Amino acid sequence: MNRIALITGGGRGIGTATARHLARQGYQLCINYRHDRGSAEALVAEIRAQHSVPCIAVQADVSVEAEVMRLFDEMDLRLGPITHLVNNAGILQPQMRVLEMSAERINKTLTTNVTSYFLCCREAVRRMVPGCAIVNVSSAAARLGSAGEYVDYAASKGAIDVLTKGLSLEVAAQGIRVNGVRPGFIHTDMHADGGEPGRVERVKGNIPLLRGGQPAEVAAAIAWLLSDEASYATGTFIDVAGGR
């Protein structure tokens, strides 16, 4: 089987690290991005030069159904049917308590972080055959709650955990595996989106390993769950959170 992987939100952070890791393993790649075309295309050029594997970048807002369908159609045409999906796209909005959150903010978080995963899982499963796999990037926030900061984000990731478990049971008999990874405090640009670029350094004393994680460490867990080495793992989660 040719391994053809889609990474949503692939232009930065954990998505970029995952693309590099999978490229080293010979996957053909589709890097999805929403706004940052420059970063996505630079990553594609890097992967093509260093690993000589087919790699494309496709713009799409994966919270919008029509754009998801266009993304998968373009991937079908340029690479072939998907075999591996990494659902990674998501947003983190400025820190605030639930008492301050508007419906607009809550709906934006849930649509971007949850609806997108459902839509991409749907289109992937429609194309997948036995031996294919999905990894949903959740968060330790789903267990911890992110009180006083991002309860809406944590709730969205809790929904992803339920999607992962439920879908894994729906498609197990088809030979398709669905698993999740829950990163903790990882050094990515996402914390700046929440208004605190130095957040990982601030909280690292509360992490048993006393440091934040690196995107490559999360990518390694994602790659294992996608691989045949994890062939008997489905509906399960790997916490990459330094012990939290």
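Just so you know, these numbers come straight off a predicted model, no measurement behind them.

Chemist: It is not clear to me how the packing of helix 4 (residues 103-127) against helix 6 (residues 151-171) should be interpreted in this structure. Could you clarify?
Modeler: Packed helices, taken two at a time, are described by the angle their axes make and the gap between the axes. Helix 6 packs onto helix 4 with a crossing angle of 20° between their chain directions and a minimal axis gap of 9 Å. For the element pair helix 4 / helix 6, the angle class is roughly parallel. As for the relative orientation of helix 4 and helix 6, their crossing is right-handed in sense. Between helix 4, through Arg105, Thr109, Leu110, Asn113, Val114, Tyr117, Phe118, Cys121 and Val125, and helix 6, the contact on the second element is made entirely by Asp152, Tyr153, Ser156, Lys157, Ala159, Ile160, Leu163, Leu167 and Val171. A breakdown of the residues in the contact of helix 4 with helix 6 according to their chemical character gives twelve nonpolar, three polar and three charged.

Chemist: Explain the pairing of strand 2 (residues 28-33) here, please?
Modeler: Remark: a regular strand shows side chains that alternate across the two faces of the sheet. Counting buried positions over the six residues of strand 2 gives six, a clear majority of the element. In this structure, strand 1 (residues 4-7) lies alongside strand 2, joined through four bridges in parallel fashion. Bridge pairing in strand 2 places Ala5 opposite Leu29. One crossover worth recording links strand 1 to the parallel strand 2 by way of helix 1 (residues 13-24), and it is right-handed. A crossover connection joins strand 2 to the parallel strand 3 (residues 55-59) through helix 2 (residues 37-51); in handedness this β-α-β unit is right-handed.

Chemist: Any chance you could explain the environment of Ala241 here in plain terms?
Modeler: Mapped onto the elements of the fold, Ala241 is located in the segment after strand 7 (237-240). Exposure remark for Ala241: the relative accessible area of 10% places this residue in the buried category. For the pair Ala241 and Pro183, spaced 58 residues apart in sequence, the C-alpha to C-alpha distance is 5.3 Å. If we ignore the near neighbours within four places in the chain, the residues touching Ala241 are Ala140, Arg143, Arg182, Gly184 and Ile207.

Chemist: How do you make sense of the sheet that holds strand 2 when you look at a structure like this?
Modeler: Paired through their backbone hydrogen bonds, the strands of a sheet run either parallel or antiparallel. If you trace the seven strands from one edge of the open sheet to the other, you get 3-2-1-4-5-6-7, paired in parallel fashion. Only two strands of the sheet have a single neighbouring strand rather than two, namely strand 3 and strand 7. Taken over all neighbouring pairs, the strand axes of this sheet differ in orientation by 15° on average, direction set aside. Taken strand by strand, helix 2 contacts strand 2 and strand 3, and its axis lies near 170° from that of strand 3. Strands strand 4 (84-87), strand 5 (133-137), strand 6 (177-183) and strand 7 of the sheet are contacted by helix 9 (residues 215-226), whose axis makes an angle of about 170° with strand 6.

Chemist: Even after reading the chapter, I still don't get the nonpolar core, so can you show me in this structure?
Modeler: By size, the foremost hydrophobic cluster in this structure holds 61 residues, and its most contacted members are Leu29, Ile31, Leu85 and Ile222. In terms of residues, this core owes the most to one element, helix 4, which gives seven residues. Within the second largest apolar cluster, five residues are counted, among which are Leu92, Ala141, Tyr150 and Tyr153.

Chemist: I keep staring at the packing of helix 1 against helix 9 and nothing clicks. Help me out?
Modeler: Interhelical geometry of helix 1 versus helix 9 gives an angle of 55° and a closest axis separation of 8 Å. It follows that helix 1 is oblique to helix 9 by the angle criterion. Pair helix 1 / helix 9 crosses with right-handed handedness. Every residue of helix 9 that contacts helix 1 at Gly13, Ile14, Ala17, Thr18, His21 and Leu22 is listed here: Pro215, Ala216, Val218, Ala219, Ala220, Ile222, Ala223 and Leu226.

Chemist: In this structure, what is going on with helix 9? I would like to understand it.
Modeler: Along an α-helix, residues three or four positions apart point the same way, because every turn accommodates 3.6 residues. With twelve residues, helix 9 should cover 16 Å at 1.5 Å per step; its first-to-last C-alpha distance of 17 Å lies within 8% of that length. Every buried residue of helix 9 is listed here: Pro215, Val218, Ala219, Ala221, Ile222, Ala223, Leu225 and Leu226. Structurally, helix 9 contributes buried residues whose contacts are with helix 1, strand 4, strand 5, strand 6 and strand 7.

Chemist: Is there a simple way to think about the UniProt feature "domain: Ketoreductase" (unreviewed entry) in the chain in this case?
Modeler: Mapped onto the present numbering, the UniProt feature "domain: Ketoreductase" (unreviewed entry) falls on residues 3-186. Helix and strand shares over residues 3-186 are 49% and 17% respectively, and the end C-alpha atoms of the span are 27 Å apart.

Chemist: Teacher, can you tell me more about the packing of aromatic side chains here?
Modeler: Under the criterion given, the structure shown has zero aromatic pairs. Here the guanidinium or amino end of Arg3 rests over the ring plane of Tyr27, the centre of that ring lying 4.3 Å away. When the ring centre of Phe237 is taken as origin, the NZ or CZ atom of Arg182, which lies over that ring, is 4.2 Å away.

Reading guide: rules and limits
- Residues numbered from 1 in each chain as written.
- Predicted model: local features only at pLDDT ≥ 70, side-chain atom pairs only at ≥ 80, totals over all residues.
- Heavy atoms only, no water.
- Axes fitted to C-alpha atoms, helices over the stretch in contact; angles between N-to-C directions.
- Helix = DSSP H or I, 4+ residues; strand = E, 2+ residues; numbered from the N terminus.
- Parallel < 35°, antiparallel > 145°, perpendicular 65-115°, else oblique.
- Left-handed = near helix turned anticlockwise from the far one by under 90°.
- Contact = heavy atoms within 4.5 Å.
- Nonpolar A, V, L, I, M, F, W, Y, C, P; charged D, E, K, R; others polar.
- Buried < 20%, exposed > 50% of the residue type's maximum accessible area, 1.4 Å probe, protein only.
- Pairing = 2+ DSSP bridges.
- Right-handed = clockwise from strand over helix to strand, strands pointing away.
- Core = buried A, V, L, I, M, F, W, Y, C linked by side-chain atoms within 4.5 Å.
- Expected span 1.5 Å × (residues − 1).
- UniProt positions renumbered as here; feature names shortened; annotations may be inferred.
- Phe/Tyr/Trp six-rings, centres within 6.5 Å; stacked < 30°, edge-to-face > 60°.
- Lys NZ or Arg CZ within 6 Å of the ring centre and 35° of its normal.

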